[in-house]
Each structure stands twice: as C-alpha cells, then as structure tokens.
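Observations on the model geometry
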Amino acid sequence: MPGGPAVYPEVVQEEVWIPLVDEPIGEIVAQLESENADLRELVDSPQKLLAFRTFAYIRVGIVLGRLLVDRDDAPGDGTETWVERLAREPEVQAELLEELRAVAAEVAAESEHEEPAAPDEGARSRFRAFAKRALDS
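This is a predicted model, so every value here is computed, not measured.

Brief notes about the packing of aromatic side chains
What describes a pair of aromatic rings is the distance from one ring centre to the other and the angle between the planes of the rings. Counted by the stated rule, this structure contains one aromatic pair. Plain terms: the ring middles of Phe127 and Phe130 are 6.3 Å apart, the flat faces sit at 45° to each other, and that makes the pair tilted. Taken together, the residues Phe127 and Phe130, both in helix H7 (residues 121–136) and three residues apart, mark about one turn of the helix. Phe127 sits in the exposed class, given a relative accessible area of 55%.

See below:
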C-alpha cells in the first residue's frame with residue numbers, strides 16, 4: 001500500500017491480547033500466578049500487572065525454549081504440546097516460578113518511584129475535607 005501500512009482504528013486493545021493469553025505460555029503464566037499470591041502482592045496495580053505479564057510471557061518462553069534445546073525429548077503422542085509437557089515437570093515448574101518471581105520483583109522495583117495508581121488514605125481524607133468545605137459554603 002502506498003504511503004505505508006494501513007491503520008485499523010477499529011481494532012481494540014483487548015483483541016490484541018486474546019491470542020497471547022490463549023497460548024500455552026499464557027496459560028502457564030496464569031496458572032503459576034494464581035497459585036502464588038506473592039506474585040500478585042508485588043504487581044498490585046493494573047500497570048504493574050500489564051508489565052509483569054508482558055515480560056513474564058517473554059521470559060517463560062525463553063526458559064522453555066532453552067530447555068527444549070538443552071533436552072532431546074521425544075515428540076510425544078500428540079495429545080499435548082512440548083510446552084505443556086515440559087511445564088508439568090516439577091523441576092521445570094520451580095524454574096518457571098523462580099523466573100516469574102524475578103520478573104515481579106523487577107517490575108515492583110522499577111515502579112517504586114512512580115505515583116500509586118490510587119490515592120492513599122491521606123489524599124482521600126484531604127479530599128473529603130475539601131469536599132465538605134465546598135458543600136458547606
């Protein structure tokens with residue numbers, strides 16, 4: 001197309017994320033995340049969660065790819081993918097969880113200097129006092 005690629009504004013962000021989450025790596029990350037509350041404590045805002053999941057998918061994929069290259073696994077019977085087969089192994093799960101904890105810690109450390117996504121209790125009470133004064137006058 002002359003002038004560059006076409007832009008489709010009707011494509012919403014949610015549609016872009018669906019293929020990533022439906023893949024085996026997305027399922028593995030979601031399972032490990034749901035089983036380990038310590039991960040969610042570190043990524044406690046929507047922005048942190050988005051960054052965590054983005055980097056988690058990449059780094060879990062890298063770990064699984066390295067393991068696939070390092071091992072000479074048989075192809076299997078076709079009922080599951082090599083990713084699913086590897087992720088069931090306890091030592092692989094432990095390595096993946098370690099990687100996810102590292103990602104969560106890095107995301108949390110990077111965002112320490114950022115403003116919180118929601119106001120703290122002090123800001124809330126100052127706003128309540130301001131609103132009360134404004135309504136009373």
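Let us keep going from here.
Examining the pattern of salt bridges
Across all of its chains, the model carries 13 salt bridges by this definition. A salt bridge links Asp70 to Arg66, with the shortest nitrogen-to-oxygen separation between them at 3.6 Å. Here Asp70 pairs with Arg66, and both are found in helix H4 (residues 46–70), just four residues apart, close to one helical turn. Judged by its relative accessible area of 55%, Asp70 is exposed. Across the salt bridge formed by Glu95 and Arg66, the nearest N and O atoms sit 2.1 Å from each other. Of this pair, Glu95 sits in helix H6 (residues 90–110) while Arg66 is found in helix H4, placing the two residues 29 residues apart along the sequence. A relative accessible area of 27% places Glu95 in the partly exposed class. A relative accessible area of 36% places Arg66 in the partly exposed class. Look at the salt bridges and you will find they share partners, linking Glu33, Arg40 and Arg53 into a network.

Some words on the packing of helix H2 (residues 24–35) against H4
Across the interface, H2 lies against H4 with an axial gap of 9 Å and an inter-helix angle of 115°. Of the two possible hands of crossing, H2 and H4 adopt the one that is right-handed. From H2, Ile25, Gly26, Ile28, Val29 and Glu33 reach across to H4, where they touch Leu49, Phe52, Arg53, Ala56, Tyr57, Val60, Gly61 and Leu64. Taken together, the residues of the contact of H2 with H4 sort by class into nine nonpolar, two polar and two charged.

Basis of the calculations
Residues numbered from 1 in each chain as written. Predicted model: local features only at pLDDT ≥ 70, side-chain atom pairs only at ≥ 80, totals over all residues. Heavy atoms only, no water. Phe/Tyr/Trp six-rings, centres within 6.5 Å; stacked < 30°, edge-to-face > 60°. Helix = DSSP H or I, 4+ residues; strand = E, 2+ residues; numbered from the N terminus. Buried < 20%, exposed > 50% of the residue type's maximum accessible area, 1.4 Å probe, protein only. Salt bridge = Lys/Arg side-chain N within 4 Å of Asp/Glu carboxyl O. Axes fitted to C-alpha atoms, helices over the stretch in contact; angles between N-to-C directions. Left-handed = near helix turned anticlockwise from the far one by under 90°. Contact = heavy atoms within 4.5 Å. Nonpolar A, V, L, I, M, F, W, Y, C, P; charged D, E, K, R; others polar.

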